[in-house]
2 protein chains.
Amino acid sequence: MMSTDVIDGPLPVFTTEEYRRRVGRIQERMALERLDALLLTSEANFRYVTGFNNQSWVNLARPRYCVVPADGDPIVVLPQTNIVAMRETSWVEDVRTWPAPRPADDGITLLVDALRGCLGSHHRFGAELGPESRLGMPVGDFLRVRDALRHAEFADGAALMSALRMIKSPAEVARCRRIAEITSTAFEALPEALRVGDTERIACRKLQIALLQRGADKSPYLIGASGRGGYAAINLGPTDRVLERGDVLIIDTGSTVDGYFCDFDREFAFGGPCDEVRRAYERVWRATEAGIAAVRPGRRCSEVWQAMAEVLGAEAVRGSNVGRMGHGIGLLLTEPPSIHPEDATVIEAGMLLTVEPGISFTARTGSGDERKVMVHEENVAVTEDGCVLLSRRAPPEIWVVD
Amino acid sequence: MMSTDVIDGPLPVFTTEEYRRRVGRIQERMALERLDALLLTSEANFRYVTGFNNQSWVNLARPRYCVVPADGDPIVVLPQTNIVAMRETSWVEDVRTWPAPRPADDGITLLVDALRGCLGSHHRFGAELGPESRLGMPVGDFLRVRDALRHAEFADGAALMSALRMIKSPAEVARCRRIAEITSTAFEALPEALRVGDTERIACRKLQIALLQRGADKSPYLIGASGRGGYAAINLGPTDRVLERGDVLIIDTGSTVDGYFCDFDREFAFGGPCDEVRRAYERVWRATEAGIAAVRPGRRCSEVWQAMAEVLGAEAVRGSNVGRMGHGIGLLLTEPPSIHPEDATVIEAGMLLTVEPGISFTARTGSGDERKVMVHEENVAVTEDGCVLLSRRAPPEIWVVD
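The rules we used
- Residues numbered from 1 in each chain as written.
- Chains lettered and ligands numbered in written order.
- Predicted model: local features only at pLDDT ≥ 70, side-chain atom pairs only at ≥ 80, totals over all residues.
- Helix = DSSP H or I, 4+ residues; strand = E, 2+ residues; numbered from the N terminus.
- Rg over C-alpha atoms; globule rule 2.2 N^0.38 Å.
- Contact = placed C-beta atoms within 7 Å.
- Domains from an automatic or database assignment.
- Nonpolar A, V, L, I, M, F, W, Y, C, P; charged D, E, K, R; others polar.
- Least-squares fit on C-alpha atoms with pLDDT ≥ 70 in both.
- Buried ≥ 20, exposed ≤ 12 C-beta atoms within 10 Å, placed from the backbone.
- Pairing = 2+ DSSP bridges.
- Axes fitted to C-alpha atoms, helices over the stretch in contact; angles between N-to-C directions.
- Core = buried A, V, L, I, M, F, W, Y, C linked by C-beta atoms within 7 Å.
- Arc of directions from axis to C-beta.
- Parallel < 35°, antiparallel > 145°, perpendicular 65-115°, else oblique.
- Left-handed = near helix turned anticlockwise from the far one by under 90°.
- pLDDT = per-residue confidence, 0-100.

## Side note on the overall build of chain A
Moving on, step 1. The secondary structure content of chain A amounts to 12 helices and 18 strands.
Moving on, step 2. Compactness check: chain A gives a C-alpha radius of gyration of 23 Å against a globular reference of 21 Å for 402 residues, within 12% of the reference.
Moving on, step 3. Of the contacts made within chain A by residues no fewer than 6 positions apart, 72% connect residues no fewer than 24 positions apart.

Here it is, written out as structure tokens:
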């Protein structure tokens, strides 16, 4: 059942030293922002600090809390059912627990005590409140915690976590590199495996099985969209639409190894591409080249966007409706920064980014002209003097399924 | 690549009438709770009302809002990138949009306008604030919305949604039944496919591939835990631990078809079970029988718990640390109610429940006595006079891998 070409072998471990360095950097930023403690409840932030690696996050009846004090090691408050997993995957020693679910008090008394014990001169706590954050606990409970500690202020703590998480360690890069390699290999097997007559759903399933066979853990995001002469949007499907000659299929996946994501897409022309598709593909491919060439330390994200927009033309970019042309990847499918004309983030070594140009174009479909989009995507790791590809570059001409 | 025994065929569609009935029931409860509008931001609630079916929820840079007014159709506010998916999967016509990500105003002005337009005599809105809820937008943005509408009160709206969602329609039951059937068949293929020497990770991967080949869409939850003479906890792994003779492996999965979950587990004895494992398995199997027999309309969840606890013994139940012995399933892996001694929810026809007894026991492992747990799980649909199995019943003796 397992394929012979599984891509595995040991990955560098996350050492306790690495976690302590992370906590140290968080505490430096907390001092600048005058925070007595930082409350982390989302899977990505909780895992980043504690190492806790567990699938229980899909169970909303059981929230988890990590409190980073201004000094010293974090405190974790989590359900009894997670105690064994905590012991096996985390370095954190101060672990407090309750029998969840207990809607009347799902760890709230313990959490308030932990936060109160951290109160210092600032009377100010950080929590995941800002852009792109989600709180991993019921908001009603958060408001109760805030009320119980109403002599203290709650400020956003998500931005400082995002800023630190943007720069990846070698162990983090290794995981994104691994899943990008697995995904590249799985995509490259698809032109042989896909058939005219497959549905979008079957095509996506073939990729997902190929990913698992090669060593991927999960594919939380795996879409397929298709249409005659192109697709109307990305972020669709897969549906039971049957793929026919003249169709273009895009498959885009965010898959993971050990919690770390890749995020890129590939396209397939069924029965060979028409001229409009060929031209659009070539233009977006060149824009991807320009984007990759523009990624280097010291550049701003907005400049990478500009480099791609120049190849594509302003109108075609506007029409693609994608809103940005890339973003960070890591413990989440999309993380800050954004490759966006208004994102002035300065690129640094250790960032992992998607380069994702897109355009709209008109395809003659037989039933008249239709507006289509085309989006390419690659993943890169920023180095000291430029960047290196994590994904294996898409071919300069669209893959053909015949 | 596809297996021949794929379990597919058309599922009953969700009609606009069904969505309108849902909205009608929500509005009845809103009237009782004196809500001028209900704000829904989580994937499950948003999809339940609008039908919007899309994988974009993993992208936290792009929140979505559904406003259910006291009368009339819902209003949706969502990113431009979701417009095509909205048109293709939802019946809702009032759709308002902005180019996300735009951290300074990610739909907030549009959302405040939509809520303000619903203001009525109650000056009271519902939002996802209560137990087991998660808000699908940054809390900072929610607090800004609350502040912009500070002449109105925000109360919990999650409980009324959970109460309605507990009772499934035939189209919902069909989806849970389908994924439970796929998962049963995939599990039944495992005793042949597993090998002494597999790792937990490989064993889980074999199941995940078998699930995909039979027609599952996703496996957001798929854990494997093992040990000599039993496992120390569920909710672990899978790890690279190698499975040897004398080991017991549990695999538990929440997989989906069209967004709807099953949630059950199966166990495997490598090289045949020892006496303690055999006895523990038999006891938990009988408790599952007692639990299934106890599920019928009019009973309380706490009574189903009692029926299982009587077979298991109070001490063994306490030791299992699982906190409850079942829960609802549907658009989420775990939903209310809980099969818990303190959950007095009265069971009704149309509920989908897991029956999930667990105990702790002592296994002689060669290196001394060790505390192990054993948990079984089945999925049932409550009928007018009892319940029917959705999962195919686990065998009365543990599966052996040799």
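## Points about unusual backbone geometry
Residue and element names in this part refer to chain A.
Moving on, step 1. The peptide bond linking alanine 100 to proline 101 adopts the cis configuration, its omega dihedral lying at -5 degrees.
Moving on, step 2. When you line up the elements, proline 101 lands in the loop between β4 (94–98) and α4 (108–118).
Moving on, step 3. Positioned with a positive phi, asparagine 235 is a non-glycine residue whose angle comes to about 60 degrees.
Moving on, step 4. Looking at the secondary structure, you find asparagine 235 in the loop between β7 (218–228) and β8 (247–257).

## Observations concerning the domain arrangement of chain A
Residues and elements named next belong to chain A.
Moving on, step 1. Splitting chain A by domain gives domain 1 (16–165) and domain 2 (170–401).
Moving on, step 2. Centre-to-centre separation of domain 1 and domain 2, based on C-alpha positions: 34 Å.
Moving on, step 3. Residue-level contacts link 8 residues of domain 1 with 7 residues of domain 2.
Moving on, step 4. For the side of domain 1 that touches domain 2, the secondary-structure elements that each account for two or more residues are α2 (43–50) and α6 (158–165).
Moving on, step 5. Per-element tally for the side of domain 1 that touches domain 2: the top contributor is α2, with 3 residues.
Moving on, step 6. For the side of domain 1 that touches domain 2, the residue count by class is 2 nonpolar, 2 polar and 4 charged.

## Focus on the relation of the copies chain A and chain B
Moving on, step 1. By a simple turn and slide, chain A fits onto chain B: the slide is 0.0 Å along the axis, the RMSD is 0.0 Å, and the turn is 180 degrees. The relationship between the two copies is best expressed as a two-fold rotation axis. The rotation axis passes nearest to the C-alpha of A:Ile209 in chain A, at a distance of 3.0 Å.
Moving on, step 2. A shared interface surface links the copies, since 100% of the contact residues of chain A are contact residues in chain B too.

## Concerning the environment of A:Gly227
Residues and elements named next belong to chain A.
Moving on, step 1. Within the secondary structure, glycine 227 sits in strand β7.
Moving on, step 2. Overall, glycine 227 belongs to the buried group, with 21 C-beta atoms counted inside 10 Å.
Moving on, step 3. Note: C-alpha distance between glycine 227 and aspartate 343 (116 residues apart in sequence) is 33 Å.
Moving on, step 4. Excluding anything up to four places from it in sequence, glycine 227 contacts Ala232, Asp247, Val248 and Lys372.

## Overview of the sheet that holds strand β1 (residues 37–40) of chain B
All names here are of chain B.
Moving on, step 1. Pairing is mixed across the open sheet formed by 6 strands, whose spatial order is β4-β3-β2-β1-β5-β6. Each edge of the open sheet carries a strand with a single partner, namely β4 (94–98) and β6 (153–156). Within this sheet the neighbouring strands show an average axis-to-axis angle of 25 degrees, counted without direction.
Moving on, step 2. Summarising the sheet, strand β2 (residues 65–69) and strand β3 (residues 75–79) pair through 3 bridges and their orientation is antiparallel. Counterpart to cysteine 66 in the pairing with β3 is valine 76.

## Focus on the nonpolar core
Moving on, step 1. Grouped together as the largest cluster of nonpolar side chains are 250 residues, with contacts concentrated most on A:Val67, A:Cys176, A:Val295, B:Val67, B:Cys176 and B:Val295.
Moving on, step 2. With near-sequence residues (within four places) excluded, B:Cys176 lies in contact with B:Tyr260, B:Phe261, B:Cys262, B:Ile329, B:Gly330, B:Leu352, B:Asn379 and B:Leu390.

## Quick look at α4(A)
Residues and elements named next belong to chain A.
Moving on, step 1. For α4, the full list of buried residues reads Ile108, Leu111, Ala114, Leu115 and Cys118. Considered in projection along α4, the buried side chains sweep an arc of 125 degrees and stay on one side of the axis.
Moving on, step 2. The secondary structure elements touched by the buried residues of α4 are β1 (37–40), β2 (65–69), β3 (75–79), β4, β5 (124–127) and α5 (139–148).

## Remarks on the packing of helix α4 (residues 108–118) of chain B against helix α5 (residues 139–148) of chain B
Residues and elements named next belong to chain B.
Moving on, step 1. One way to put it is that α4 packs onto α5 with a least axis distance of 10 Å and a crossing angle of 40 degrees. Judged by the angle between their axes, α4 and α5 are oblique. Of the two elements, α4 crosses α5, and the hand of that crossing is right-handed. Touching Ile108, Leu111 and Val112 of α4 are Asp141, Arg144, Val145 and Ala148, all from α5.
Moving on, step 2. Of the residues contributing to the contact of α4 with α5, the split by class is 5 nonpolar, no polar and 2 charged.

## Here's the deal with the interface of chain A and chain B
Moving on, step 1. Each partner contributes residues to the interface: chain A has 55 residues there, and chain B has 56 residues.
Moving on, step 2. Contributing elements (two or more residues each) for the side of chain A that touches chain B: α3 (83–89), α5, α9 (200–214) and β7 of chain A.
Moving on, step 3. The dominant element in the side of chain A that touches chain B, judged by the number of residues it contributes, is α9(A), at 6 residues.
Moving on, step 4. Among the residues forming the side of chain A that touches chain B, the class breakdown is 30 nonpolar, 17 polar and 8 charged.

## With respect to the confidence of the model for chain A
Moving on, step 1. The pLDDT averaged across chain A works out to 95; a share of 99% of its residues lies at or above 70.
Moving on, step 2. Here the predicted complex scores 0.97 on pTM and 0.96 on ipTM.

## What about the pairing of strand β5 (residues 124–127) of chain B?
Residue and element names in this part refer to chain B.
Moving on, step 1. Two strands pair when backbone bridges link them, and β1 and β5 are joined in this way by 2 bridges, in the parallel orientation. Bridge assignment links alanine 37 to a residue of β5, and that residue is phenylalanine 125.
Moving on, step 2. Where β5 and β6 come together, 4 bridges link them in parallel fashion. From the neighbouring strand, glycine 126 faces β6, where its bridge partner is alanine 155.

## Some thoughts on α6(A)
Helical periodicity: at 3.6 residues per turn, an α-helix aligns residues three or four positions apart in one direction.
Moving on, step 1. The set of residues buried in α6(A) consists of A:Ala158, A:Ala159, A:Leu160, A:Met161 and A:Ser162.
Moving on, step 2. On the buried face of α6(A), the contacting elements are α1 (16–32), α2, β5, β6 (153–156) and β12 (335–338) of chain A.

## Some details on the sheet that holds β1(A)
Residues and elements named next belong to chain A.
Moving on, step 1. The 6 strands lie next to each other as β4-β3-β2-β1-β5-β6, forming an open sheet whose pairing is mixed. With partners counted over all chains shown, the strands left at the sheet margins are β4 and β6, one partner each. Ignoring which end each strand starts from, the neighbouring axes of this sheet average 25 degrees apart.

## A short note on the packing of α9(A) against helix α9 (residues 200–214) of chain B
Moving on, step 1. As a packed pair, α9(A) and α9(B) sit with axes 10 Å apart at the nearest point and diverge in direction by 170 degrees. By the angle between their axes, α9(A) is roughly antiparallel relative to α9(B). Counted together, A:Arg205, A:Gln208, A:Ile209 and A:Leu212 of α9(A) and B:Arg205, B:Gln208, B:Ile209 and B:Leu212 of α9(B) form the full contact between these two elements.
Moving on, step 2. Residue composition of the contact of α9(A) with α9(B), by class: 4 nonpolar, 2 polar and 2 charged.

## A short note on the environment of B:Ala232
Moving on, step 1. Checked against the element boundaries, B:Ala232 lands in the loop between β7 (218–228) and β8 (247–257).
Moving on, step 2. The spacing of B:Ala232 and B:Glu93 is 139 residues in sequence and 51 Å in space, taken between C-alpha atoms.
Moving on, step 3. Contact partners of B:Ala232, with chain neighbours within four places excluded, come to A:Val84, B:Gly227 and B:Lys372.

## Quick look at the environment of B:Asp265
Residue and element names in this part refer to chain B.
Moving on, step 1. Mapped onto the secondary structure, aspartate 265 falls in strand β10 (residues 264–270).
Moving on, step 2. Sequence separation of aspartate 265 and leucine 222 is 43 residues, and the distance between their C-alpha atoms is 9.3 Å.
Moving on, step 3. Residues contacting aspartate 265, with those up to four places away along its chain left out, are Ile250, Ile251, Asp252, Val375, His376 and Glu377.

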